[in-house]
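Notes for the structure review
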Amino acid sequence: MFSALAATALAMSIVIPPGGAPGTTPPPDHFTIDVVTVNGSGCPAGTAAVAVSPDNKAFTVTYSDFLAQVGVGANPTDFRKNCQLNLRINAPSGFTYGIAQADYRGFAALAKGATGTERANYYFQGMSPTAYVNHNYAGPLEDNWQATDQTDLVSVVYAPCGEKRHFNINAELRVNAGTSDPKTTTSFMTMDSTDGNFSTTYHFAWKTCP
């Protein structure tokens, strides 16, 4: 996504119309996405799926088993869950792409004194990963959460024209007991909506190749 972006660029924000980045025109031909690998405790086999939007401006990753928790009923390793997606994006001839924005959402139930974090980074194969972008939440909290990573259009890093580079997404949830009592409380954070699935949307920025 924000491949090789500096942290300051990640802090910049713009208003992104629904479906994609401003000032970019998606290719007329449909593109496809192949999921090369899916690894991590937050996305066991068969629990993550990728779909492309009809307007070619975004793709969505849907999770159904992405939960981090601490306290009663939790295992010691449950405080952190992650998922790494390795995707092959088959752009139409003459076009290349970057990722201008990522939207995440889920649900958090954090006891007083507990904290939760959603974070992610992105990179193209052979290029340096970005620093993690963190979104922090503090208890007491029992509500839906939503987080957006975005960068301005001039800072978007594009896949090299004419080269097939896999795109990597590393997403992570962490929950810490903090000052809460893990012997009497349970705190958790999910990438999960009311229908049991969590959808993360990544918005494309397109440009033509010379």
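In the nomenclature of an unreviewed UniProt entry, the protein is known as DUF4360 domain-containing protein of Amycolatopsis magusensis.

What to know about the nonpolar core
Among the nonpolar cores identified, the biggest contains 38 residues, and F59, Y97, Y104, W145, F167, I169 and Y202 are the most heavily contacted of them. Those elements that place two or more of their residues in this core are strand 3 (58-63), strand 4 (67-71), strand 5 (80-90), strand 6 (95-110), strand 7 (115-124), strand 9 (141-150), strand 10 (167-176) and strand 12 (198-208). Top contributing element to this core by residue count: strand 6, with six residues. Not counting residues within four places of it along the chain, the set of residues in contact with Y202 comprises K57, A58, F59, V61, I99, Q101, A102, Y104, Y122 and I169.

Some remarks on the environment of E118
In this structure, E118 sits in strand 7. Under the relative-accessibility criterion, E118 is labelled buried at 0%. Expressed as a C-alpha distance, the spacing of E118 and W145, which sit 27 residues apart in the sequence, is 9.8 Å. E118 has contacts with Y104, V133, N134, H135, W145, A147, E172, L173, M189 and M191, leaving out every residue within four places of it along the chain.

Structural notes on the side chain of D78
With respect to the helices and strands, D78 occurs in the loop between strand 4 and strand 5. For D78, the side chain forms a polar contact with the main-chain nitrogen of N75, separated by 2.9 Å. Leaving out residues up to four positions away in the same chain, D78 has contacts with L67, A68 and Q69.

Remarks on the packing of aromatic side chains
What the rule picks out here adds up to 11 aromatic pairs. Three or more aromatic residues link up through ring pairs in this structure, and these residues are F95, Y97, F124, F167, F204 and W206. The ring centre of Y132 lies 3.9 Å from the NZ or CZ of R119, which sits over that ring.

As for the environment of A159
Among the structural elements, A159 can be located in the loop between strand 9 and strand 10. For A159, a relative accessible area of 6% gives the class buried. It is 9.7 Å that separates the C-alpha atoms of A159 and M127, two residues lying 32 residues apart in sequence. Once residues within four sequence positions are removed from consideration, A159 is found in contact with T96, Y97 and F124.

Remarks on the layout of surface pockets
Taken as a whole, the largest pocket encloses approximately 210 Å³ of empty space. In this structure, the largest pocket is lined by 17 residues; those nearest its centre are A91, F95, G162, E163 and K164. Broken down by secondary-structure element, the contributors of at least two residues to the lining of the largest pocket are strand 5 and strand 6. Top element by residues in the lining of the largest pocket is strand 6. It accounts for three residues. Among the residues making up the lining of the largest pocket, the classes are represented as nine nonpolar, four polar and four charged.

Conventions we followed
- Residues numbered from 1 in each chain as written.
- Predicted model: local features only at pLDDT ≥ 70, side-chain atom pairs only at ≥ 80, totals over all residues.
- Heavy atoms only, no water.
- Core = buried A, V, L, I, M, F, W, Y, C linked by side-chain atoms within 4.5 Å.
- Buried < 20%, exposed > 50% of the residue type's maximum accessible area, 1.4 Å probe, protein only.
- Helix = DSSP H or I, 4+ residues; strand = E, 2+ residues; numbered from the N terminus.
- Contact = heavy atoms within 4.5 Å.
- Polar contact = N/O pair within 3.5 Å; in protein donor to acceptor, adjacent residues only side chain to side chain.
- Phe/Tyr/Trp six-rings, centres within 6.5 Å; stacked < 30°, edge-to-face > 60°.
- Lys NZ or Arg CZ within 6 Å of the ring centre and 35° of its normal.
- 1 Å grid on protein atoms, 1.4 Å probe; cavity = no way out; pocket = protein on both sides within 12 Å on 5 of 7 lines; lining within 4 Å.
- Points joined across faces, edges and corners; volume = space filled by probe spheres on them.
- Nonpolar A, V, L, I, M, F, W, Y, C, P; charged D, E, K, R; others polar.

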